[in-house]
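# Examining the three-dimensional arrangement
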Amino acid sequence: MRITQKTLQRMCNSGEKIAALTCYDASFASLLENSGVDILLVGDSLGNVLQGEKTTLSVTLDDMIYHTKCVFQGSVKAFIMADMPFGTSQVSPQKTFENAVKLISSGASMVKIEGGSVMADTVRFLSQRGIPVCSHIGLMPQSVNMLGGYKVQGKSINQANQLLEDAVIMEKAGAGMLLMEAIPATLSRKITKKLTIPTIGIGAGVDCDAQVLVLYDILGIYSGKKSRFTKNYMDGARSINQAVENYVKEVKSKKFPKIENGF
Ligand code: KIV
């Protein structure tokens, strides 16, 4: 049986850590879920790792639909989340809904939308119409041109307060999960305590309910810039399956991320 949003909420309520990885195709979808991964994120990071782009900005809705279908075909158990690529959620709530429908009908159980409280109306519109949404705050790669690079967010008191407020507003707007990227561990702990929905961290410390990393980073095959929040699980592993199983084990037992993987 496929993992649902309810399953993830139950895991969160009981304190069981949730393991997530990005995934873009059927073969890896099957391998990852058989190695214990709970959530397969069809991330727009495919722009970087599959298409060789410097940013995620050129990824299209058609790209996301294609890869979501591939992941869905290869999996029977995992919860599938798909990113809404740049330009497809920064439009009216109605248009965003129409775009999100295409990802849900391709096999996603939830869409992920970058943006804090400015996206609250959109998140409310979608969730009231049956589309589960994960809000992505902190470092938002689609806003790289506004942020001036891939920088840690929430370091000043004002920024931290803003992120906490964003998180609360998104939960109230109906977000089913909250992803926090590259923010201080102390802040993500505070946000996780405050919310009832599961939080997912990437470079956000060990106290998030779930952890996610980019698959090609943990397999050590991405030649681009390496972030301190990732780890190469192929080091010392005999196979890809073993590397992924070790990642899942470390997430579930809170051995990953370590302090040095965070900010
Ligand atoms: O696209 C992606 O891989 C993501 C992760 C960085 C969380 O959104």
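Residues numbered from 1 in each chain as written. Predicted model: local features only at pLDDT ≥ 70, side-chain atom pairs only at ≥ 80, totals over all residues. Heavy atoms only, no water.

### Details of the side chain of threonine 230
Turning to its location among the elements, threonine 230 is positioned in the loop between helix 10 (215-218) and helix 11 (240-252). For threonine 230, a relative accessible area of 14% gives the class buried. Those residues in contact with threonine 230, other than ones at most four positions away along the chain, are Leu213, Asp217, Ile218 and Asn261. (Helix = DSSP H or I, 4+ residues; strand = E, 2+ residues; numbered from the N terminus. Buried < 20%, exposed > 50% of the residue type's maximum accessible area, 1.4 Å probe, protein only. Contact = heavy atoms within 4.5 Å.)

### Observations concerning the packing of aromatic side chains
For any two aromatic rings, the description comes down to two numbers: the centre-to-centre distance and the angle of the planes. Inspection of the entire model under this criterion finds six aromatic pairs. Arranged with centres 5.8 Å apart and planes meeting at 85 degrees, the rings of tyrosine 24 and tyrosine 216 form a pair that is edge-to-face. Taken together, the residues tyrosine 24 in the loop between strand 1 (18-22) and helix 2 (26-34) and tyrosine 216 in helix 10 connect sequence positions 192 residues apart. As far as the burial class goes, tyrosine 24 and tyrosine 216 line up, both buried. Considering the side-chain rings of tyrosine 233 and tyrosine 247, the 5.5 Å spacing of their centres and the 75 degrees angle between planes classify their relative orientation as edge-to-face. (Phe/Tyr/Trp six-rings, centres within 6.5 Å; stacked < 30°, edge-to-face > 60°.)

### Focus on the site of the ligand
Near the ligand you find 13 residues, and of these Thr22, Asp44, Ser45, Asp83 and Lys112 are the closest. Within the side chain of aspartate 44, a nitrogen or oxygen atom sits 3.1 Å from an oxygen atom of the ligand. Interatomic distance of 2.6 Å between a side-chain N/O atom of serine 45 and an oxygen atom of the ligand. Relative to its free-state accessible area of 260 Å², the ligand is covered by the protein chains to the extent of 95%. The class makeup of the residues in the shell around the ligand is five nonpolar, four polar and four charged. (Near = heavy atom within 4 Å. Polar contact = N/O pair within 3.5 Å; in protein donor to acceptor, adjacent residues only side chain to side chain. Areas by Shrake-Rupley, 256 points an atom, 1.4 Å probe, with all protein chains shown as cover. Nonpolar A, V, L, I, M, F, W, Y, C, P; charged D, E, K, R; others polar.)

### Brief notes about the sheet that holds strand 8 (residues 210-213)
With parallel pairing, the eight strands of this closed barrel are ordered in space as 1-2-3-4-5-6-7-8. For this sheet, the mean inter-axis angle between neighbouring strands, taken without regard to orientation, is 25 degrees. (Pairing = 2+ DSSP bridges. Axes fitted to C-alpha atoms, helices over the stretch in contact; angles between N-to-C directions.)

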